[in-house]
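As a plain string of letters, each chain reads:
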Amino acid sequence: MPGTPHHTALAADWNLDPADAGACRRLARSLSAGGHDRVDSPEWVARARDAWDELPLPLRRAVRRFRRSSGPHGTLVIGGLPVDEAALPPTPAVPGSVQRRATVPAALLTMVACGLGEPLAYLAEKSGALVQDVVPVPGQEAFHGNAGSVPLSFHTENGFHPHPPDYVVFLCLRADHDRIAGMRVAGIRQALPLLTRADREALFAPEFITTPPPSFGPDAASGAGAEPRPVLFGASEDPDIRMAQLVTTPLTPRATAALAEFGRACEETARTLRLAPGDLVVIDNRVTVHGRTAFRPRYDGADRWLQRTYVTVDLRRSRDHRPQDGQVLAR
């Protein structure tokens, strides 16, 4: 898909064929057949990790290739996954909604997460659940986070943290009523050529403070004691990003100007993904920012419903943040 300005993608990069979708459904159902299986239990995650090897080869191959090289967009969209739409309960409409019980969508998300690396969560966000609901919540329409329905600005996930996720995986269970909600993505590999040398130098300098997003709660939002960091780091020709337009503050005039230019470059190269039920999106959180367009929830049980999980490629590096060597970062 070409990276033209404001490009809208109406379909997945590719779709599972019916036979492979059926194999995914059978495997996911086997992981959720007990009725009492807990997504967050180490035993269930271990079962999902083993089950990854049994998923259809085209799905595993696509994920493996993306893991090695996430391409110009840093985004992979696979359509046709089975989410058992007819069996879905009403879309949750409460703050902090998560998926604790093993279901077909939760099993699919977790298996793919295990194919990319290891699923990860943060105790301060969504109570540390590995599979989280991204749904509109009554009264939180203007919330700049996963519970809102106003436009959500570009960001990488949890760039304030010493151990942000390497990938973010979304699975669409329901689209919004009007089919207008869009996931917006912009990759550094297309935005970087639009920046001047001076802007690049400023973005590589430790002249920015990024604080926790609103989803981590009001106590975390102050970012007290946050160290100045660069927005871009790593290889000058293919850098990583840590930035959230809502909570990244530039500390110098050149940083202010460069961050604004970076935002414009992201806008110019962004794609908008209109997700349908069964679409799985993998975002390389190291090189891609994402956001959301506005939409109109009805709070009738059939609103837009995505589920999300985070992935790290190296669980060991966060060991000092994870009690009992679990999947949840406690600080």
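Not measured: the values here are computed from a predicted model.

So, how was this worked out
Going along each chain's sequence as written, the residues are numbered from 1 onward. Given that the model is predicted, a residue must reach a pLDDT of at least 70 before its local features are reported, and side-chain atom pairs must reach 80 or more before they are shown or counted; all residues, however, enter totals for whole chains, interfaces and linings. In computing side-chain properties, one takes all heavy atoms of the structure into account and sets aside hydrogens as well as water. Here a strand is any run of E in DSSP of at least two residues, a helix any run of H or I of at least four, and the numbering for each starts at the N terminus. By definition, residues are in contact when any of their heavy atoms lie within 4.5 Å. Only the protein chains shown count as cover for residues, and all accessible areas are computed by the Shrake-Rupley method using a 1.4 Å probe. In this count, Lys and Arg are taken as positive residues and Asp and Glu as negative ones, while His and the chain termini are left out. Think of each charge as sitting on NZ of Lys, CZ of Arg, CG of Asp or CD of Glu. Axis definition: a line fitted to C-alpha atoms, limited for helices to the stretch in contact. Angles are taken between N-to-C directions and run from 0 to 180 degrees. If an angle is under 35 degrees, it is roughly parallel; if it is over 145, roughly antiparallel; if it lies from 65 to 115, roughly perpendicular; otherwise it is oblique. Only Phe, Tyr and Trp rings take part, Trp by its six-membered ring, and two of them pair if their centres are within 6.5 Å. Stacked means planes under 30 degrees apart, edge-to-face means over 60, and tilted covers everything else. In this scheme, a residue with accessible area under 20% of its type's maximum is buried, one over 50% is exposed, and one in between is partly exposed, where area comes from a 1.4 Å probe on protein chains only. Only one rule defines a salt bridge in this text: a Lys or Arg side-chain nitrogen within 4 Å of an Asp or Glu carboxyl oxygen. The quantity known as pLDDT measures the predictor's confidence residue by residue, on a range of 0 to 100. The span one expects for a helix is its residue count, reduced by one, times 1.5 Å. Nitrogen and oxygen atoms within 3.5 Å of one another constitute a polar contact, given that in protein one can donate a hydrogen and the other can accept it, and given that sequence-neighbouring residues count only through two side-chain atoms. By definition, two strands form a pair when at least two bridges between them are found by DSSP. Disulfides are defined as pairs of cysteine sulfur atoms found within 2.5 Å of each other.

Caption draft 1: View of the overall build of the protein. From N to C terminus, the protein includes eight helices and 17 strands. Its C-alpha atoms give the protein principal-axis dimensions of roughly 55 × 45 × 40 Å. Put simply, of all contacts in the protein between residues at least 6 apart along the chain, 81% involve residues at least 24 apart. Accessible surface for the protein amounts to roughly 13700 Å². Of this, 54% is attributable to carbon and sulfur atoms. Computed over 38 positive and 37 negative side-chain charges, the inter-centroid distance for the protein is 2 Å.

Caption draft 2: Region of the structure containing the packing of helix 1 (residues 18-31) against helix 4 (residues 104-116). Where helix 1 contacts helix 4, the two axes come as close as 8 Å, and the packing angle between them is 105 degrees. For the element pair helix 1 / helix 4, the angle class is roughly perpendicular. Here Cys24, Leu27, Ala28, Arg29 and Leu31 of helix 1 come into contact with helix 4, specifically with Val104, Ala107, Leu108 and Met111.

Caption draft 3: Looking closely at the packing of aromatic side chains. Within the structure shown, the criterion is met by four aromatic pairs. Note on tyrosine 122 and phenylalanine 216: the rings are 6.0 Å apart at their centroids and 65 degrees apart in plane angle, and the pair reads as edge-to-face. Placement of tyrosine 122 in strand 4 (residues 118-122) and of phenylalanine 216 in the loop between strand 9 (208-210) and helix 7 (218-221) is noted, with a sequence separation of 94 residues between them. Here tyrosine 122 and phenylalanine 216 have matching classes, each one buried. Measuring from ring centre to ring centre gives 5.7 Å for tyrosine 122 and tyrosine 310, while their planes differ by 75 degrees; the resulting arrangement is edge-to-face. One end of the pair, tyrosine 122, is in strand 4; the other, tyrosine 310, is in strand 16 (residues 305-312), with 188 residues separating them in the sequence. Summarising the burial analysis for this pair, tyrosine 122 and tyrosine 310 share the class buried.

Caption draft 4: Summary view of the side chain of arginine 304. Topologically, arginine 304 is positioned in the loop between strand 15 (288-292) and strand 16. Within the buried set, arginine 304 has no salt-bridge partner at all; the shortest N-O distance to an opposite charge, 5.0 Å, is to aspartate 176. In contact with arginine 304, other than residues within four places in its own chain, are Thr91, Val134, Val135, Pro136, Arg174, Ala175, Asp176, Ala181, Arg292 and Phe295.

Caption draft 5: Inspection of the pattern of salt bridges at higher detail. Under the counting rule described, the total for this entry stands at 17 salt bridges. In this structure, arginine 296 engages aspartate 178 in a salt bridge whose closest nitrogen and oxygen atoms are separated by 3.2 Å. Of this pair, arginine 296 sits in the loop between strand 15 and strand 16 while aspartate 178 sits in the loop between strand 7 (167-174) and strand 8 (183-187), and the two are 118 residues apart along the sequence. Residue classification places aspartate 178 among the partly exposed positions, given a relative accessible area of 28%. Members of the salt-bridge network, linked through shared partners, are Arg25, Arg29 and Asp84.

Caption draft 6: A look at unusual backbone geometry. Located in the positive-phi region is asparagine 158, a residue other than glycine, with phi close to 55 degrees. Although it is not a glycine, glutamine 324 adopts a positive phi angle of roughly 55 degrees. Note that glutamine 324 resides in the loop between strand 16 and strand 17 (328-329). Given the relative accessible area of 74%, glutamine 324 is considered exposed.

Caption draft 7: Quick look at the confidence of the model for the protein. Mean pLDDT over the protein stands at 93; residues scoring 70 or higher make up 94%. A low-confidence stretch, residues 1-6 (pLDDT under 50), is modelled with 21 contacts involving residues beyond four sequence positions or located in other chains.

Caption draft 8: Layout of helix 1. With 14 residues, helix 1 ought to run about 20 Å at 1.5 Å a step, and its terminal C-alpha atoms sit 20 Å apart, in line with that. Within helix 1, burial applies to Asp20, Ala21, Gly22, Cys24, Leu27, Ala28 and Leu31. Where helix 1 is buried, its residues meet helix 2 (42-51), helix 3 (57-68) and helix 4. By the N-cap criterion, in which a side-chain oxygen at the helix start approaches the backbone nitrogen of a residue two or three places on, helix 1 is capped by aspartate 17, the distance to alanine 19 being 3.1 Å.

Caption draft 9: A look at the side chain of arginine 242. Structurally, arginine 242 is set in the loop between strand 11 (238-241) and strand 12 (248-250). No salt bridge is formed by the buried arginine 242, whose closest oppositely charged neighbour, aspartate 240, lies at an N-O distance of 7.1 Å. A polar atom in the side chain of arginine 242 sits 3.2 Å from the backbone oxygen of histidine 161. Setting aside its immediate chain neighbours within four residues, arginine 242 contacts Thr156, Gly159, His161, Pro162, Pro164, Thr210, Arg229, Pro230, Val231 and Phe233.

Caption draft 10: Broad picture of the pairing of strand 7. Judged by how many residues are buried, strand 7 sits mostly within the fold: eight of eight residues are covered. Pairing analysis gives five bridges linking strand 7 to strand 14 (residues 280-284), with the strands arranged antiparallel. By the bridge assignment, valine 169 is partnered in strand 14 with valine 282. Taken together, the seven bridges between strand 7 and strand 16 define a ladder with antiparallel strand orientation. The partner of arginine 174 across the bridge, within strand 16, is tryptophan 305.

Caption draft 11: Layout of the state of the cysteines. Counting across every chain of the model gives zero disulfides. As a non-bridged cysteine, cysteine 114 has cysteine 24 as the owner of its nearest cysteine sulfur, 14 Å distant.

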